[in-house]
Amino acid sequence: MRPKTKIAIACQGGGSQTAFTAGALKALCEERISDEFELVSISGTSGGAVCAALIWFAFEKSENPLWGRLLEFWKDNTAQGWLEQAFNQFVVSSLRLVNMGRLLTMQLSPSSPLLQSVVGIATMGQRESFRNFRSLLEAHLDFEEIASWGPRKARPILMIGAANVTTGKLTKFISRQQPIRVEHILASCAVPNLFPAVQIDGDAYWDGLFSDNPPIQELIRPASVGRENVPEEIWLIKINPTRCERIPERPDDIVDRRNQLEGNISLFHQLRHLEMLNDMLLGNALQPEFRAQADIKEPIRLPKSFSTDPDKSYHIPCMEMATDLQATLDFESKLDRSATNIDRLMEAGEESARHFLKERRKVLA
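Scope of this entry: the structure provided in the associated data block. (Residues numbered from 1 in each chain as written. Predicted model: local features only at pLDDT ≥ 70, side-chain atom pairs only at ≥ 80, totals over all residues. Heavy atoms only, no water.)

Turning our eyes to something else, we now look at a nonpolar patch on the surface. Together, M106, L114 and V118 make up an exposed nonpolar region whose accessible area comes to about 310 Å². Mapped onto the elements, L114 comes out in helix α5 (residues 113-122). Take L114: its relative accessible area is 48%, and that puts it in the partly exposed class. (Patch = residues over 30% accessible without salt bridge, like charges linked within 9 Å, V, L, I, M, F, W, Y side chains within 5 Å. Areas by Shrake-Rupley, 256 points an atom, 1.4 Å probe, with all protein chains shown as cover. Salt bridge = Lys/Arg side-chain N within 4 Å of Asp/Glu carboxyl O. Helix = DSSP H or I, 4+ residues; strand = E, 2+ residues; numbered from the N terminus. Buried < 20%, exposed > 50% of the residue type's maximum accessible area, 1.4 Å probe, protein only.)

Laid out in structure tokens, this is it:
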């Protein structure tokens, strides 16, 4: 029997669209990937960080099924009852009209007392877990128990990306180095025009979109994950489409494409950097002493979609939405918590992950 392949899973952010990620993770667990692969770490940004944290916690608790907590979160996060559904529809439709240039809007800071008062009135009668994101997280993750664990070296390692607003530095919150706090996930999800910056230990943080979406390079650094947890493969669950089939001209199309590019730019930089390191490994450009110190035995297998040379042996496909589904999604759908939007994305994630595993098994057979 061959040794289990060490894998790391990286989950890109994208608001409600990361229901796709939830579906993919559910399918991976249902397919019992632990029988064939060793999940050494999982990283995420924004909605991807939420999904990653829920699965990580389930692994830590040896829950059965591993995806149960994840599905309960997304069920709780979905608009329920006429009041929540009406509010959700109002928010999404209004934003679409604004981005189309058909509705004037007044820009207010998410920290503004006026805006907070308006939102408070508009969400009266809704469930606390639906209108308060912190309450939603705390309802599905026991942060007091996580704090009692201290830094965790057990697999998988959880890594969450955020951007330090005050210093401008990229930040990773890593379970191996410190207990994961609710503020870490809130920071990774803090889209600036929707949420105030999250204060942590004297610094302020914004959405991980501005740093690593999702963290990938750090997954192969022994100093971050431990030498024994350096993966042989990185599996990427990707939300933002790479290609655009037509030139954006309408205001709303420009908003959509700009959001997609912003969501992918840090990812592409990281993948290109890893590809360069792999080229150096394949060309024996790194000294044996350095490779031994870093515990690097062979190249990291990367998503085929981003390879400049798809014939290289270390490339594998990533889990990504089908083109026809991507074409139906816009920026506003990242805020859409309707059951219709959530359910179809989750189903698509399951389908993508099962196809992914089928292809991986062919390679390893």
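Two numbers describe how helix α3 (residues 68-77) lies on helix α7 (residues 133-140): the axes approach to 10 Å, and their chain directions differ by 150 degrees. The pairing of α3 with α7 is recorded here as roughly antiparallel in orientation. Considering only the axes of α3 and α7, their crossing is right-handed. Counted together, R69, E72, F73, D76 and N77 of α3 and F133, L136, L137 and H140 of α7 form the full contact between these two elements. Here the contact of α3 with α7 is composed, by residue class, of 4 nonpolar, 2 polar and 3 charged. (Axes fitted to C-alpha atoms, helices over the stretch in contact; angles between N-to-C directions. Parallel < 35°, antiparallel > 145°, perpendicular 65-115°, else oblique. Left-handed = near helix turned anticlockwise from the far one by under 90°. Contact = heavy atoms within 4.5 Å. Nonpolar A, V, L, I, M, F, W, Y, C, P; charged D, E, K, R; others polar.)

On to helix α2 (residues 47-61), then. Between the first and last C-alpha of α2 there are 22 Å, a value that for 15 residues agrees with the 21 Å anticipated at 1.5 Å per step. The element α2 is largely enclosed, with a buried count of 14 among its 15 residues. S62 lies just past α2 and shows a positive phi near 55 degrees. (Expected span 1.5 Å × (residues − 1).)

Roughly 660 Å³ of internal volume is contained in the second largest pocket. Taken together, 26 residues line the second largest pocket, and the ones lying closest to its centre are C244, Q260, Q326, A327 and L329. Looking at the lining of the second largest pocket, the elements that each hand over two or more residues are α11 (251-282) and α13 (323-326). The dominant element in the lining of the second largest pocket, judged by the number of residues it contributes, is α11, at 5 residues. Split by residue class, the lining of the second largest pocket holds 8 nonpolar, 6 polar and 12 charged. (1 Å grid on protein atoms, 1.4 Å probe; cavity = no way out; pocket = protein on both sides within 12 Å on 5 of 7 lines; lining within 4 Å. Points joined across faces, edges and corners; volume = space filled by probe spheres on them.)

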